[in-house]
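Breakdown of the fold
Given next are the chains, with one letter for each unit.
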Amino acid sequence: MKNLKFTELLKTKKFIFADGAQGTELRKRINRPVESPHLLNFEEPDVVKDVALSYARAGSDIVCANSFSINSVNVQNVDKEIQQALSITKEALSGTHTLTALDVTTTGQLLEPAGTLTFERAYDIYKEILTAGERYGADLAIIETMTDLYETKAALLALKENTNLPVICSMTFEQNGRTFTGTPVSAMAATLEGLGADVLGINCSLGPVELKLLVYELLSLTNLPVMIKPNAGLPNPETGEFPLSAEDFAKVMAEFAAAGVKILGGCCGTTPAFIKELCERVENADFSSSPVTPKPFTGGSVICGYSTAVRIDRPRIIGERINPTGKKAMKEALTDNDMGYILKQAAEQINTASGGAADILDVNVGAAGIDEVKMLPKVVKAVQSITGVPLQLDSANPAALAAALRIYNGKPIVNSVNADDESLDAVLPLVKKYGAAVVGLTLDKSGIPPKAEARFALAEKILARAVTLGIKKEDVFIDCLTLTAGAEQESARETLKAVSMVKQKLGLKTVLGVSNISFGLPNRGVVNRTFLALALQNGLDLPIINPNDADMTATVRAFNLLSGTDKNAAEYIKYATEDNKSVPQDSAEITLEYAILNGLKSEALNIAKKLLKEGSASSPMAIINEELIPALNKVGGMFESGRLFLPQLMLSAESAAACFDIIKAVIPHDAKGNKAAQSKKIILATVKGDIHDIGKNIVKTLLESYGFGVKDLGSDVESALILEEVKRQGTMLVGLSSLMTTTLPAMEESISLLKAETDCKIMVGGAVVTEQWAKKAGADFYGKDVKSAVDIAAEVFAEKHLLK
């Protein structure tokens, strides 16, 4: 039975107050270093209780147990640790009105494809935490400070499938408006609301002033309650102090309350005094005269991948090319497990340099001899490794849909369900569980009705069943089905009539596979374009077409212009003036740069092997200097400008690194018998006391893709060990990482030790490190991001061509 305490709190209180920071508050009270706050549950339980009670007395309605860093990656006995964390917090809060929340966060590891942690393993880690939390009396769970939408989905699914706990899901965003892995607020809201979160939130990373625009955006994207827990600004790396006073913090937070935020609290740097000031200001405020005018929840359907959200507010193009129907090469690729070919099809449909114009990609693997249950999720994972655009999962097999929906990162479209009861019963519960949108086909066991009125009746039936299950009306799309005009000429008119009826009478979005209209006819392109224009005029929202057909995509752009949805003709002019030259369909003509930019690892390897085979035309070093390095520099520039995101960066880097591995095997040895590349050895380490190494691992991958040798010492590394390894390796460059202000002294100690006993250069980086602190600590270089590490290495090793 679901814990109703939090549910009742949501109903009965206008504003709910969460707690503030635990980690910084605990460290302040014990006044000694501690590797992880959860250790204090056993070492200093009275201090932990005192912090919890201090927040309750300050006015917090919810206080988190000190369980933030407890998971099987960090501790041996999760059950024991969760029991202790909840027990002492509940004891501290006994006699108060305050609820106890199980505090859950990231594992600190990157999920595939950017990392090695599988979705299934992440799910199991969170299942262990959350079931223990329910068993030992948590009133709710707060899944917070999440940076990866995929990992957040794993945690939320583990909670929904194994517990009855209410849940708040909160992610942390950087100043570019995205999470560390590239997810915008719109994709977070669409995905997590669909999966059944009770509350959506934003916490940590930024102060309340920096979060304003993101907070107002989130309020416009969901009608769920919203929680906001900012930092007290960003800490001063030299002192560890946070800049905002309790009064300044509460003043901005009161604006959020006026705008419609339901749950208010604090993160790093906030204290019981902050919460007390926040409660008093909000509870005594007169919001009737507030100058804040919140942007209202706008509704409408949004679908997304991990980095791209698409609102269906105008005709959007669904790319049709990942489909074996009538495509011999695609069927062969599926049969042969040739993911390289499939990914090439995906990349070309979305890459404007290839003439691609797809907003959404359809993924269909249904062919004789193909196990859809295994192949559909495999292809979905592969496609999502190179792009964050939304996907349409296209299958009539409910088991295949279930498998793909489970591992999909974002909110997809399911294509499809039909009006037959068997189909409705099998598919719609999956759509509801995984928070997808769905395409309803206007057919049943009797086939496709010839008349528009009968197709409309089937659309009504599909909609009614979907809404009964709790699927939002705006997430139901209807396909009135396109039949070939060559065989049934009257059917075209009936299809257009049905589209118009569904749009006008039901207010639903519509889908059509456009090119079916011309099957068997000559001059198919003319027929397709004409039918597309007519369908758009009758209310078509989602045409399924070849997005590399310039005439078809131009028809959609022109319609958006003429119908007024493309304001100021911005989209039309952009696409009309771009140099969209099509990439040849023959993969042998694709360049190495194109393959690396799009993360096409197998294609990149094939091209690199071909270039090596040509011998005299392309020496190994020429391939590195004239092909690989310029491609990686372009990838780095796109990452820095926000046009490419972390998973894509990692895949591009891995593609280049794979090419480098086969190229360096034929690079001549130097006089000492060592390969030239091996002299460029770099040592990386996360300093003592800090277990976070995601950023360092990304730096490692990117450095290796440029041909540098990297020795990774891991996380929580003693200064003496770093020194020992530097002396043993004779390295010229060391990279040190820190994510926590409390471990900056350890970084400074490592710098001092290395400077005293070696001549190596030192670069430092991490979330809490600034250029000013780096200089003061004696570091030679400050790495502001992953790409800057390559620039620093190029300078140290005199590889100036890498900087171009």
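Residues numbered from 1 in each chain as written. Predicted model: local features only at pLDDT ≥ 70, side-chain atom pairs only at ≥ 80, totals over all residues. Heavy atoms only, no water.

1. So, the overall build of the protein
Under the convention used in this document: For the purposes of this entry, the term helix denotes a DSSP run of H or I that reaches at least four residues, the term strand denotes a run of E that reaches at least two, and both are numbered from the N terminus. Taken over C-alpha atoms, the radius of gyration is set against a globule rule of 2.2 Å times the number of residues to the power 0.38. Each residue is placed in one exposure class: buried if its accessible area under a 1.4 Å probe, protein chains only, is under 20% of its type's maximum, exposed if it is over 50%, and partly exposed if it falls in between. Two residues form a contact once any of their heavy atoms are found within 4.5 Å. Method for areas: the Shrake-Rupley scheme with a 1.4 Å probe, in which residue coverage is limited to the protein chains shown. Neither His nor the chain ends contribute to the count of charged residues, in which Lys and Arg are positive and Asp and Glu negative. The atoms used to mark charge sites are NZ of Lys, CZ of Arg, CG of Asp and CD of Glu.
Assigned secondary structure in the protein consists of 30 helices and 23 strands. Taken against the 2.2 N^0.38 rule, which gives 28 Å for 804 residues, the C-alpha radius of gyration of the protein at 28 Å falls within 12% of a compact globule. Taken along the three principal axes of its C-alpha coordinates, the protein extends 80 × 80 × 50 Å. Counting all 804 residues of the protein, 58% fall into the buried class. Here the contacts in the protein between residues at least 6 apart in sequence split such that 74% fall between residues at least 24 apart. Carbon and sulfur atoms make up 51% of the accessible area of the protein, which totals about 31500 Å². Here the protein contributes 84 positively and 97 negatively charged side chains, and the mean placements of these two sets differ by 2 Å.

2. Topic: the side chain of Thr271
Positionally, Thr271 belongs in the loop between β8 (263-264) and α11 (272-283). In contact with Thr271, other than residues within four places in its own chain, are Glu25, Lys28 and Tyr55.

3. Focus: empty space enclosed by the protein
Quick note on the threshold: Cavity means a closed set of points on a 1 Å grid over the protein atoms alone, one where a 1.4 Å probe fits but cannot get out, pocket means an open set with protein on both sides within 12 Å along at least 5 of 7 lines, and lining means a residue has an atom within 4 Å of a point. Grid points are joined across faces, edges and corners, and a volume is the space filled by probe spheres set on the points. Residue polarity is assigned by list, with Asp, Glu, Lys and Arg as charged and Ala, Val, Leu, Ile, Met, Phe, Trp, Tyr, Cys and Pro as nonpolar; anything else, Gly included, falls into the polar class.
Summed over all chains, the structure comprises one cavity of 30 Å³ or more. Together, Thr106, Gln109, Leu110, Leu111, Thr147, Asp148, Glu151, Thr181 and Ile694 line the largest cavity. Classifying every residue of the lining of the largest cavity by side-chain character gives three nonpolar, four polar and two charged.

4. With respect to the environment of Phe180
Checked against the element boundaries, Phe180 lands in the loop between β5 (167-171) and α8 (185-195). As a C-alpha pair, Phe180 and Met146 span 34 residues in sequence and 9.2 Å in three-dimensional space. Non-local contacts of Phe180, meaning those with residues more than four positions away in its chain, are made with Thr147, Glu174, Leu646, Ile694 and Ile698.

5. Describing the pattern of salt bridges
The test is simple: Salt-bridge detection follows one rule: a side-chain nitrogen of Lys or Arg within 4 Å of a carboxyl oxygen of Asp or Glu.
Summed over all chains, the structure comprises 41 salt bridges. The residue Lys696 makes a salt bridge to Asp712 at a minimum N-O spacing of 2.8 Å. Highlighted residues: Lys696 in helix α26 (residues 694-705) and Asp712 in strand β20 (residues 709-712), separated in sequence by 16 residues. You can call Lys696 buried: its relative accessible area is 4%.

6. Topic: the pairing of strand β18 (residues 542-545)
Short version of the rule: For two strands to be treated as a pair, DSSP must find no fewer than two bridges joining them. Look down the strands so they point away from you; if going from the first strand over the helix to the second traces a clockwise path, that crossover is right-handed.
Here β18 shows two buried faces, one formed by Leu542 and Ile544 and the other by Pro543 and Ile545. Here strand β11 (residues 318-322) pairs with β18 via two bridges, running parallel. Pairing of Gly319 across the sheet is with Ile545, part of β18. Judged from the three bridges that link them, strand β17 (residues 509-513) and β18 form a sheet pairing that is parallel. The residue of β18 that forms the bridge with Leu512 is Pro543. Since β17 and β18 lie parallel, the crossover through helix α19 (residues 524-537) that links them has a hand, and here it is right-handed.

7. A word on the sheet that holds strand β1 (residues 16-17)
Where we set the bar: To define axes, lines are fitted to C-alpha atoms, for helices over the stretch in contact only, and angles between the resulting N-to-C directions are given on a 0 to 180 degree scale.
Taken in spatial order, the eight strands make up an open sheet running β1-β8-β7-β6-β5-β4-β3-β2, and their pairing is parallel. In this open sheet, the two edge strands, each paired with only one partner strand, are β1 and β2 (62-64). Here helix α5 (residues 78-93) sits on the sheet in contact with β2 and β3 (99-104), set at roughly 150° to β3.

8. Side note on the environment of Ala254
In this fold, Ala254 is placed in helix α10 (residues 246-259). Since its relative accessible area comes to 11%, Ala254 is described here as buried. Sequence spacing of Ala254 and Thr191 is 63 residues, and the spatial spacing of their C-alpha atoms is 28 Å. Setting aside residues up to four positions removed in sequence, Ala254 forms contacts with Arg281, Val282 and Phe287.

9. A word on unusual backbone geometry
That bond from Glu112 to Pro113 is cis: its omega, 5°, falls within 30 degrees of zero. Checked against the element boundaries, Pro113 lands in the loop between β3 and α6 (119-135). Even without being a glycine, Asn337 presents a positive backbone phi close to 60°. If you trace the backbone, Asn337 turns up in the loop between α12 (328-335) and α13 (339-350). Within the chain, Asp716 stands out as a residue other than glycine whose phi angle is a positive 55°. You can see Asp716 is positioned in the loop between β20 and α27 (719-729).

10. Quick notes on the state of the cysteines
This is how it is decided: Two cysteine sulfurs form what is called a disulfide whenever their separation falls within 2.5 Å.
Applying the stated criterion to the full structure yields zero disulfides. Looking at Cys267, it has no disulfide partner, and the nearest cysteine sulfur is the one in Cys204, 3.8 Å off. Among the residues examined, Cys267 registers a relative accessible area of 11% and is labelled buried.

11. Some points on α12
To keep it simple, the criterion reads: This arc describes the spread of directions from the helix axis toward the C-beta atoms.
Residues of α12 that are buried include every one of Met330, Ala333 and Leu334, and no others. An end-on view of α12 places all buried positions within 100° of arc, on one side of the element. Facing away from the buried side of α12, by more than 90 degrees, are the exposed residues Lys328 and Thr335. Check the buried side of α12 and you find it contacts β11, α13 and α14 (372-384). Immediately beyond the C-terminal end of α12, within one or two residues, lies Asn337, with a positive phi of roughly 60°.

12. Things to note about the packing of helix α4 (residues 45-58) against α5
As a reminder, the rule being used: Working definition: roughly parallel below 35 degrees, roughly antiparallel above 145 degrees, roughly perpendicular at 65 to 115 degrees, and oblique for all remaining angles. In this scheme, a crossing is called left-handed if the near helix is turned counterclockwise away from the far one by less than a right angle; it is called right-handed if the turn is clockwise.
Where α4 meets α5, the axes come as close as 8 Å, and the angle between the chain directions of the two elements is 50°. One element, α4, and the other, α5, form an angle in the oblique class. Note that α4 runs across α5; the crossing there is right-handed. For the pair α4 and α5, the contacting residues are Pro45, Val48, Lys49, Ala52, Leu53 and Ala56 in the first and Gln84, Ile88, Thr89, Glu91, Ala92 and Leu93 in the second.

13. Concerning the sheet that holds strand β22 (residues 761-765)
Overall, parallel pairing links the five strands, which are arranged β20-β19-β21-β22-β23 in an open sheet. One side of each edge strand has no neighbouring strand; the edge strands of this open sheet are β20 and β23 (781-782). In this structure, β22 lies alongside β23, joined through two bridges in parallel fashion. When the sheet's bridge partners are listed, Val764 is paired in β23 with Tyr782. With respect to the sheet, α27 is in contact with β19 (681-686), β20 and β21 (733-737), its orientation differing from that of β19 by roughly 175°. Seen against the sheet, helix α28 (residues 744-757) touches β21 and β22 and runs at an angle of roughly 170° to β22.

14. Examining the nonpolar core
Heads up, the condition is: We define a nonpolar core as any set of buried Ala, Val, Leu, Ile, Met, Phe, Trp, Tyr and Cys residues linked to one another through side-chain atoms lying within 4.5 Å.
Core analysis: the largest hydrophobic core is formed by 214 residues, its most contacted members being Leu192 and Leu703. Residue contacts for Leu192: discarding those within four places in its chain leaves Leu149, Thr152, Leu156, Cys169, Met171, Ala197 and Leu200. Core analysis: the next-biggest nonpolar cluster, separate from the first, contains 24 residues, Ala746, Cys760, Ile762 and Val769 among them.

15. With respect to the confidence of the model for the protein
The following threshold applies: Each residue carries a pLDDT value, the predictor's own confidence for that position, ranging from 0 to 100.
Per-residue pLDDT for the protein averages 90, and the proportion of residues at 70 or more is 93%. Across residues 579-588 the pLDDT falls below 50, and counting only partners more than four positions away or on other chains, this stretch makes 24 contacts in the model. Of the regions scoring below 50 in pLDDT, residues 669-678 engages in nine contacts with residues more than four places distant in sequence or in other chains.

16. Considerations on the packing of aromatic side chains
To be explicit about the condition: Only centres within 6.5 Å qualify two rings of Phe, Tyr or Trp (six-membered ring in Trp) as a pair; their planes then separate them into stacked at under 30 degrees, edge-to-face at over 60, and tilted for everything else. The criterion is that NZ of a Lys, or CZ of an Arg, lies within 6 Å of the ring centre and within 35 degrees of the ring normal, and then a charge sits over that ring.
Under the defined criterion, the tally for this structure stands at four aromatic pairs. Between Tyr216 and Phe256 the ring centres are 6.1 Å apart and the planes differ by 85°, which places this aromatic pair in the edge-to-face class. Of the two residues, Tyr216 is situated in helix α9 (residues 208-221) and Phe256 in helix α10; the sequence distance between them amounts to 40 residues. Residue class for Tyr216 comes out partly exposed when judged on its relative accessible area of 21%. Residue classification places Phe256 among the buried positions, given a relative accessible area of 0%. One residue, Lys80, lies across the ring of Phe42, its end atom 5.5 Å from the ring centre. Here the guanidinium or amino end of Lys505 rests over the ring plane of Phe456, the centre of that ring lying 5.7 Å away.

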